[in-house]
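Notes for the structure review
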Amino acid sequence: MAVLSKIRKRSGLLLLAIGFALLAFVVQDLFSSGMKSFSKEVGSVNGKDISFEEFRVKVANTEKNQQNGQSMTALQASNQVWNQEVNVALLTAEFEKLGLRVGEKHIIEVFKADPNIGQNQLFLNAAGKFDLNKFKEYFKSNPEGIQMLKEREKDAELNAKYQIYNSLVKGAMFTTDAEGKMKYEAETNKVTFDFVAVPFSSIKDSDVKITDDEIVAYMKTKEKKFKSEESRELDYVLIEEKPSAQDEAEIKKNVDALLLPSVRYNSETGKNDTIPGFQSVTNNAEFVNMNSDIPFDSTYVAKQDLPAENAEQLFNLATGAIYGPYMYNNYYCISKSLGRKAGAKSKASHILISWEGTQVPNKKEKRTKEQAKAKAEGLLAQALANPSMFMILAMSNSDDSSAQQGGDLGYFAPGQMVKPFNDFVFNNPIGKIGLVETEFGYHIINVTDKQDAVKLATIAQKIEPSEATNDKTYTQATKFEMDAATKDFAALAKTMKLTVNPSVRVKAIDENFGSVNNQRQIVKWAFESGTKIGSVKRFEIVNVGHVIAKLKKINEKGLMAVEEGRPQVEPILKNKKKAEKIKAKMNGTSLATIAASNKVTVQNALDLTIENPSVPGAGFEPKVVGTAFSSKAGQVSKPIEGNSGVYVIATKVVTKAPKIAKYTDYVAKLKPQVVGNAGRFMQALKNDADIQDNRADFY
């Protein structure tokens, strides 16, 4: 039944194809907290609803199926599933419009491309090829897998249709000889001209004012570019829960006291016991575990892994001696040396030569075990003859990911590598090169370094705010919250010696908030119907402190808010106004006269092309170069508004490209770009779609 388990795993086929994965989801019973019971749809695509019931199950499974131990919040999982649902809905509609159909042959081809199926030993014939009969017979004898297979068939059918659709899109993208000719002329036609350039920077930004109305008017001319979702702007104050100077002094006092013997009452004997101090205690592990916030660590630690500021003292500490107290990562520490060990850590490089059957994902070539051994022995001979070539040999031949680093594995402790590898490295001196066999293949190993290490017993107590300090912080935060409801937010913060952070703009489905990162609770509050402009609320954030937020502005869906659009639009409008000021001064019948009146010099541009319209000293200026090509020789142009300033030019000579019989090479140059354009259809579909996202009501 292991094969069913493998096939159930996400194949990644659609992830490779279009960036979304279709999973076989298992229905769960609990609704996400905060779900609005009156709504059943999490959104819609072109009028087609997406059921929340099905959506939340997929989200739950996405969270559960995270790989590599990575965690994912419900909202992050919902973003992934939402993108998948939108993509599937848009593509499915396209497939239906085109009448795309696929049969068993197409679906089988998709299955075969899935390594869990196409490379599964149960479905391969004697020649190592996928055997459809074996595949079908397997499921006949395992009926419990039929339903799972049907779900996988749905995914495979969609993927097969996508492959056809993608092929149709790519097939419609082609390059003509006329385009090839244009490419040839753009690269080969040349123009030489004299010019006068007055940069925009010659006028101070402060001398040009742009009003809000001007920004709005400009954005209205490009509404698609400047459209915006509904958003909220908030000011906030962060009052951190952090230890006071008194808290730090108390922790230091506690740590210092552990150095000396202490007297403690023994409830079992009814007498006082004298507890030895850290200096004289014999059971160091027990003493550390009783008094430290970080458990006893029995491993040997290399100098490079010790706290940088204290590494020298700790590494050279005599056995039994104590160093500290010292501060490290918000802990007060005292450390006792338990001895030093020579060669406790080793550094090695290796060349891995695997064979078919080993669990190595990215083999450089297919080979049998015998072929692998022969190759490994040959590489060993080369490495022994010329050790300085080891890095090059590893980069060229190793099947391990360390090949990119020349086989370097860095430092490691005993037991971190498989036993044959471990034994060779730790039983041989620096410079030893040899060959060992492991379950991964043959390793040519070079022992490159060894480090001494020390064992330390360290008592570390975290410097945290006391209950009394946290009470003061809470009192301060609640007072600010109450006063801010009726007083000026910024003025109150200044009076209480607090800092108002830069305004934060959030959208309904956002999760992060300013410097405190993942704070979905604040974003949800900002969008609640009862939250009005000027509303203030305090949020307690575990292990951080208190955020007091004030809703500053509500931006409705539609044209981007002025504050949001200004960084993009203002430089454009300022340059337009500067251009008009500069043009007014660019009068004259010759370049020399115009240059003199603007206190600049006449410059020359030699053999520029449309393909590379870079004007000397000015940069990318296609409008200027294009004008030069279309102007009569010797004629002074009208002022040209470029990217970095205003120009006046006088064309000297245009050199036309010689005619050629065919433009095949230039057509070939354009093809990769044209093929790449085919990948933009998904975004084009989204841009034209009516997509309603209601996830903020549920998450």
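Residues numbered from 1 in each chain as written. Predicted model: local features only at pLDDT ≥ 70, side-chain atom pairs only at ≥ 80, totals over all residues. Heavy atoms only, no water.

Side note on the overall build of the protein chain
In terms of helices and strands, the protein chain carries 24 helices and 23 strands. A compact globule built from 699 residues would reach a C-alpha radius of gyration of about 27 Å, whereas the protein chain, at 36 Å, exceeds it by more than 25%. When its C-alpha atoms are laid out on the principal axes, the protein chain stretches across 110 × 85 × 65 Å. When the 699 residues of the protein chain are sorted by exposure, 40% land in the buried category. Here the contacts in the protein chain between residues at least 6 apart in sequence split such that 68% fall between residues at least 24 apart. Accessible surface, the protein chain: about 39,200 Å² in total, of which carbon and sulfur atoms supply 51%. In the protein chain, 94 side chains carry a positive charge and 84 a negative one; their mean positions are 5 Å apart. (Helix = DSSP H or I, 4+ residues; strand = E, 2+ residues; numbered from the N terminus. Rg over C-alpha atoms; globule rule 2.2 N^0.38 Å. Buried < 20%, exposed > 50% of the residue type's maximum accessible area, 1.4 Å probe, protein only. Contact = heavy atoms within 4.5 Å. Areas by Shrake-Rupley, 256 points an atom, 1.4 Å probe, with all protein chains shown as cover. Lys, Arg positive; Asp, Glu negative; His and termini not counted. Charge placed at Lys NZ, Arg CZ, Asp CG, Glu CD.)

Let's talk about a nonpolar patch on the surface
On the surface, a nonpolar cluster with roughly 360 Å² of combined accessible area is contributed by Met 389, Met 391, Ile 392 and Met 395. Among the structural elements, Met 395 can be located in helix H15 (residues 390–397). Residue class for Met 395 comes out partly exposed when judged on its relative accessible area of 42%. (Patch = residues over 30% accessible without salt bridge, like charges linked within 9 Å, V, L, I, M, F, W, Y side chains within 5 Å. Salt bridge = Lys/Arg side-chain N within 4 Å of Asp/Glu carboxyl O.)

What to know about the sheet that holds strand S22 (residues 645–655)
If you walk across this open sheet you meet the 4 strands as S18-S3-S22-S21, and the pairing is antiparallel. Either end of the sheet is taken by a strand with one partner, and the two such strands are strand S18 (603–608) and strand S21 (640–641). When strand S3 (residues 190–199) meets S18, the two strands line up antiparallel, connected through 4 bridges. Counted as the bridge partner of Phe 195 is Gln 603 from S18. Seen against the sheet, helix H22 (residues 622–630) touches S3, S18, S21 and S22 and runs at an angle of roughly 40° to S22. (Pairing = 2+ DSSP bridges. Axes fitted to C-alpha atoms, helices over the stretch in contact; angles between N-to-C directions.)

A look at a positive patch on the surface
Together, Lys 222, Lys 225, Lys 576 and Lys 623 give the surface a local cluster of positive charge. Tracing the backbone through its elements, the reader meets Lys 225 in the loop between helix H10 (212–220) and strand S4 (227–228).

Some points on the pattern of salt bridges
Using the criterion set out here, one finds 35 salt bridges in the structure. Close ionic contact of Lys 136 with Glu 104 constitutes a salt bridge, the shortest N to O distance being 3.3 Å. With Lys 136 in helix H7 (residues 132–140) and Glu 104 in helix H5 (residues 104–113), this residue pair connects regions lying 32 residues apart in the sequence. By relative accessible area, Lys 136 is classed as partly exposed at 36%. Overlapping salt bridges bring together Lys 183, Glu 187, Glu 611 and Lys 669 as one network.

Describing the side chain of His 546
Tracing the backbone shows His 546 in strand S16 (residues 545–555). A distance of 3.1 Å separates the side chain of His 546 from the side chain of Arg 538, its partner in a polar contact. Not counting residues within four places of it along the chain, the set of residues in contact with His 546 comprises Val 237, Leu 238, Ile 239, Glu 241, Thr 473, Tyr 474, Ala 477, Arg 538, Phe 539 and Glu 540. (Polar contact = N/O pair within 3.5 Å; in protein donor to acceptor, adjacent residues only side chain to side chain.)

Some details on the pairing of S22
Of the strand pairs in this sheet, S3 and S22 are connected by 10 bridges, and their pairing is antiparallel. Paired with Phe 195 across the two strands is Ile 649, which belongs to S22. Both S21 and S22 contribute to a ladder of 2 bridges, which runs antiparallel. Looking at S22, one finds that Ile 640 is bridged to Tyr 647. Where S21 hands over to S22, the hairpin turn is made up of 3 residues, counted between the paired strands.

Some remarks on the nonpolar core
The tendency in soluble globular proteins is for nonpolar side chains to be buried as a group. By size, the foremost hydrophobic cluster in this structure holds 29 residues, and its most contacted members are Phe 55, Leu 91, Tyr 165 and Phe 681. Those elements that place two or more of their residues in this core are strand S1 (41–45), helix H3 (52–64), helix H4 (74–98), helix H8 (146–171) and helix H24 (681–688). At 9 residues, H4 tops the list of elements feeding residues into this core. In this structure, Val 569, Leu 573, Ile 582 and Ala 650 belong to the second largest nonpolar core, which totals 23 residues. (Core = buried A, V, L, I, M, F, W, Y, C linked by side-chain atoms within 4.5 Å.)

Overview of H5
Structural remark: α-helix, 3.6 residues per turn; residues separated by three or four positions point the same way. Considered for burial, the residues of H5 that qualify are Ile 107, Ile 108, Val 110 and Phe 111. Angularly, the buried residues of H5 cover 160° about the axis, an arc narrow enough to put them on a single face. (Arc of directions from axis to C-beta.)

Remarks on the side chain of Ser 402
Of note, Ser 402 is situated in the loop between H15 and strand S11 (408–412). A relative accessible area of 5% means that Ser 402 is categorised as buried. Setting aside residues no more than four positions away along its own chain, Ser 402 makes contact with His 350, Gly 407, Asp 408 and Leu 409.

Quick word on the layout of surface pockets
Here the idea is plain: a probe the size of a water molecule rolls over the atoms and shows the empty space left. In this structure, the largest pocket encloses a volume near 1,300 Å³. Along its surface, the largest pocket is lined by 34 residues, and Glu 229, Glu 230, Lys 557, Ile 691 and Asp 693 are the ones closest to its centre. Residue assignment for the lining of the largest pocket shows that the elements contributing at least two residues are H4, S4, helix H19 (520–527), H24 and strand S23 (691–693). Partitioning the lining of the largest pocket into residue classes produces 10 nonpolar, 8 polar and 16 charged. (1 Å grid on protein atoms, 1.4 Å probe; cavity = no way out; pocket = protein on both sides within 12 Å on 5 of 7 lines; lining within 4 Å. Points joined across faces, edges and corners; volume = space filled by probe spheres on them. Nonpolar A, V, L, I, M, F, W, Y, C, P; charged D, E, K, R; others polar.)

Some remarks on the packing of aromatic side chains
With the rule as written, the count across this model stands at 27 aromatic pairs. Ring centres of Phe 55 and Trp 82 lie 6.3 Å apart, and the angle between their planes is 70°; on these two criteria the pair is classed as edge-to-face. Of this pair, Phe 55 sits in helix H3 while Trp 82 sits in helix H4, and the two are 27 residues apart along the sequence. The same class applies to Phe 55 as to Trp 82, namely buried. Measuring from ring centre to ring centre gives 5.1 Å for Tyr 184 and Tyr 666, while their planes differ by 65°; the resulting arrangement is edge-to-face. (Phe/Tyr/Trp six-rings, centres within 6.5 Å; stacked < 30°, edge-to-face > 60°.)

Comments concerning the packing of H3 against H4
Contact pair H3 / H4: the axes reach a minimum separation of 9 Å and the direction vectors enclose 120°. Classified by the angle their axes make, H3 and H4 are oblique. Of the two elements, H3 crosses H4, and the hand of that crossing is right-handed. From H3, Phe 55, Lys 58, Val 59, Thr 62 and Glu 63 reach across to H4, where they touch Ala 74, Ala 77, Ser 78, Gln 80, Val 81, Trp 82 and Glu 85. (Parallel < 35°, antiparallel > 145°, perpendicular 65-115°, else oblique. Left-handed = near helix turned anticlockwise from the far one by under 90°.)

Shape descriptors only; they carry no functional weight alone.
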